[in-house]
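Chain residues, written in single-letter form:
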Amino acid sequence: MSSVAGTQQSAGAGRGSGAAQAANLQTTVLEATDLHKAFGPTAALAGASLSVDAGEVVAVMGSSGSGKSTLLHCLAGIVQPDSGRVVYQGQLLSGMPDAERSALRRGDFGFIFQFGQLVPELSCVENVALPLRLGGSKRRDAEKQAMVWLDRLEVAEVAGKTPGRISGGQGQRVAVARALVTGPRVVFADEPTGALDSLNGERVMQLLVQAARDTDAAVVLVTHEARVAAYSDREVVVRDGRTRDLGDSA
Amino acid sequence: MSIAKTFLGLLETGPCHGYDLKRTYDERFGQDRPLAYGQVYATLSRLLKHGFVEVEGIEPGEGPERKRYAITDAGVADVGRWLSQAEKPDLYLQSTLYTKVVLALLTDRPAAEVLDTQRAEHLRLMRELTRRKLDGDLADQLICDHALFHLEADLRWLELTAARLEALRMEITA
Ligand SMILES: Nc1ncnc2c1ncn2[C@@H]1O[C@H](COP(=O)(O)OP(=O)(O)OP(=O)(O)O)[C@@H](O)[C@H]1O
Ligand SMILES: [Mg+2]
């Protein structure tokens, strides 16, 4: 095991290898401060904060029920926090009119969930093209672009099939393609490999992180698996609705 | 695992004789490998030399076992340093980590921080291996994966232990 032990001292290499990092220019794209959110008597978030730099991959870890998904939903403007602020590129999310926030979610954000996120009636290429279509693109252009992404995610062959006729691993790749097709600034991924075996999970992570780096998108990755979190530049732990940053220990 | 540090941690809970130290050590951390007396007294004399322990009292009679040892301020500081530092992530680390957690609980130090510090160090190494894997060929990938799976097992143990700290505290301080 000496090869493993030998890497011990290269601390500081712990953070980002994205384009922003390479240029040594770190700009915060998304920042949440002191978020609180209760569902009835349950305090899902009780003072959670998180800041995400452009092109950075941040892993959000923590035990079941600790508030990870709620944090992600607040960051993405899907759920309104009871208090605290979420700022995306200088704009306060909570202060935005609904229509504007929806447009933001469609254009600037991408989403990947554990499963069940593709529209079952549409073919895979139509699924991937959907965010572009909703943004006003012509069908032909949108599907051409969608094919580029399906190809990149190594699932061009399922383009014409509906989600019910492909495997879980293929479905997640299609979902990654759909999340990235609009060129989002931030991709939100909630247990994206949760339903996959190790090999497929690894491949999906590789493709996701690589694609995000190539397009300089930031990724907020919720996972309870350390090997998945290891694809990130930094880790944040949520405990009882509060965040703890363990990432800069080196 | 460091017997010297473990002795210091045990002595921080109160002075005792070499014999009692050995017995407590064997009970708590020895698993099936009890310490030899030679090891016990060699360790204690090293700690004396470094000024981490002192002889608090000598009872009448023969032999080394009549000395009572007490930890010094330097000794307390040394345990504190050890507990607050992450271990180099390595295979078969468990017994050292377990010892650190128990000693932190026994000496009223933040045991959760011992686990967090270690967790961060493990993840740091996992990130590094993952990056190496992405840049490497299949052989690199397989070697890195082997290490990654082992580190992941350690991490799961760290998480479970963190979730059971209160129960462990009750049990060992009962
Ligand atoms: N829509 C909701 N209505 C009521 N309670 C909710 C709702 N969403 C979350 N909660 C509660 O808030 C707490 C945090 O939930 P959250 O889904 O954020 O946890 P999580 O960390 O994502 O868990 P998991 O790892 O199991 O997905 C839990 O106690 C949960 O039951
Ligand atoms: Mg969740």
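Below is a short write-up of the structure. For clarity, every value in this text was computed on a predicted model and none was experimentally measured.

Another point: the sheet that holds strand β6 (residues 109-112) of chain A. Residue and element names in this part refer to chain A. Pairing is mixed in the open sheet, where six strands are placed in the order β6-β7-β8-β3-β9-β10. Looking at the sheet topology across the chains shown, the edges are occupied by β6 and β10 (242-245). Neighbour to neighbour, the strand axes of the sheet diverge by 20° on average, direction disregarded. In this sheet, strand β8 (residues 218-222) lies alongside strand β7 (residues 186-190) in parallel orientation, the contact comprising five bridges. By the bridge assignment for β8, Asp-190 is matched with Val-222.

Quick look at the packing of aromatic side chains now. Residues and elements named next belong to chain A. Across all of its chains, the model carries eight aromatic pairs over all chains by this definition. When the ring of Tyr-88 is compared with that of Phe-109, the centres are 5.0 Å apart and the planes differ by 85°; the resulting orientation is edge-to-face. One end of the pair, Tyr-88, is in strand β4 (residues 83-88); the other, Phe-109, is in strand β6, with 21 residues separating them in the sequence. Taking relative accessible area as the criterion, Tyr-88 reaches 1% and is therefore assigned buried. With a centroid separation of 6.1 Å and 10° between ring planes, the pair formed by Phe-111 and Phe-113 is classed as stacked.

Take the site of ligand 1 next. All names here are of chain A. Within the structure, ligand 1 sits among Phe-39, Thr-42, Ala-44, Ser-63, Ser-64, Gly-65, Ser-66, Gly-67, Lys-68, Ser-69 and Thr-70. Contact distances for ligand 1 include 3.2 Å between an oxygen atom and a backbone N or O atom of Ser-66. Separating an oxygen atom of ligand 1 from a side-chain N or O atom of Ser-69 is a distance of 2.8 Å. Protein burial of ligand 1: of its 640 Å² of free accessible surface, 56% is covered by the chains. Mapped onto the shell around ligand 1, the elements with two or more residues apiece are β2 (42-53) and α3 (68-75). Top contributing element to the shell around ligand 1 by residue count: α3, with three residues. Along the lines of polarity and charge, the residues of the shell around ligand 1 split into two nonpolar, eight polar and one charged.

Two orientations exist for strands paired in a sheet by backbone hydrogen bonds: parallel and antiparallel. All names here are of chain B. Here we have three strands laid out as an open sheet, ordered β1-β3-β2, and antiparallel in their pairing. Of all the strands in the sheet, just β1 (16-17) and β2 (53-58) have a single pairing partner and so form its edges. Of the pairings in the sheet, the one linking β1 to strand β3 (residues 67-71) comprises two bridges and is antiparallel in character. Within β3, the residue paired with Cys-16 across the bridge is Tyr-69. Together, β2 and β3 form the strand contacts of helix α3 (residues 37-49), whose direction differs from that of β2 by roughly 110°.

So, on to the nonpolar core. Core analysis: the biggest nonpolar cluster contains 49 residues, and Phe7(B), Leu44(B), Leu47(B) and Met126(B) have the highest contact counts within it. The biggest single contributor to this core is helix α6 (residues 111-135) of chain B, with seven residues. Built from parts of two domains, this core gets at least three residues from each of domain 1 (3-84) and domain 2 (96-173) of chain B. Once residues within four sequence positions are removed from consideration, Leu44(B) is found in contact with Phe7(B), Gly18(B), Leu21(B), Val53(B) and Tyr69(B). Core analysis: the next-biggest nonpolar cluster, separate from the first, contains 39 residues, Ala129(A), Val176(A), Met205(A) and Ala211(A) among them.

What counts, and at which threshold
- Sequence order sets the numbering: in each chain, residues are counted from 1 along the sequence as written.
- For this description, chains carry letters from A and ligands carry numbers from 1, given in the order in which they are written.
- Local features in this predicted model are restricted to residues whose pLDDT is 70 or higher, and side-chain atom pairs enter the listing and the counts only when it is 80 or higher, whereas totals over whole chains, interfaces and linings include all residues.
- Computation of side-chain values: all heavy atoms of the structure, hydrogens and water removed.
- Strands are treated as partners if at least two bridges between them are detected by DSSP.
- The numbering of helices and of strands both runs from the N terminus, where a helix is a DSSP run of H or I of at least 4 residues and a strand a run of E of at least 2.
- Simply put, an axis is a line fit to the C-alpha atoms, just over the touching stretch for a helix, and the angle between two N-to-C directions goes from 0 to 180 degrees.
- Two rings from Phe, Tyr or Trp (for Trp, the six-membered ring) form a pair when their centres sit within 6.5 Å of each other. Planes less than 30 degrees apart are called stacked, planes more than 60 degrees apart edge-to-face, and all others tilted.
- Exposure classes here rest on a 1.4 Å probe applied to the protein chains alone. A residue is buried below 20% of its type maximum, exposed above 50%, and partly exposed in between.
- When at least one non-hydrogen atom of a residue lies within 4 Å of a molecule or strand, that residue is treated as near it.
- Here a polar contact is taken to be a pair of N or O atoms separated by no more than 3.5 Å, where protein atoms must pair a possible hydrogen donor with a possible acceptor and residues adjacent in sequence count only if both atoms sit in side chains.
- In this description, accessible areas are obtained by the Shrake-Rupley approach with a 1.4 Å probe, and a residue is regarded as covered only by the protein chains that are shown.
- For this classification, the nonpolar set comprises Ala, Val, Leu, Ile, Met, Phe, Trp, Tyr, Cys and Pro, the charged set comprises Asp, Glu, Lys and Arg, and every other residue, Gly included, is treated as polar.
- Contacts: residue pairs with any heavy atoms within 4.5 Å of one another.
- Only buried residues count toward a nonpolar core, which is a set of Ala, Val, Leu, Ile, Met, Phe, Trp, Tyr and Cys residues joined through side-chain atoms within 4.5 Å.
- Domains are outlined according to an automatic or database domain assignment.

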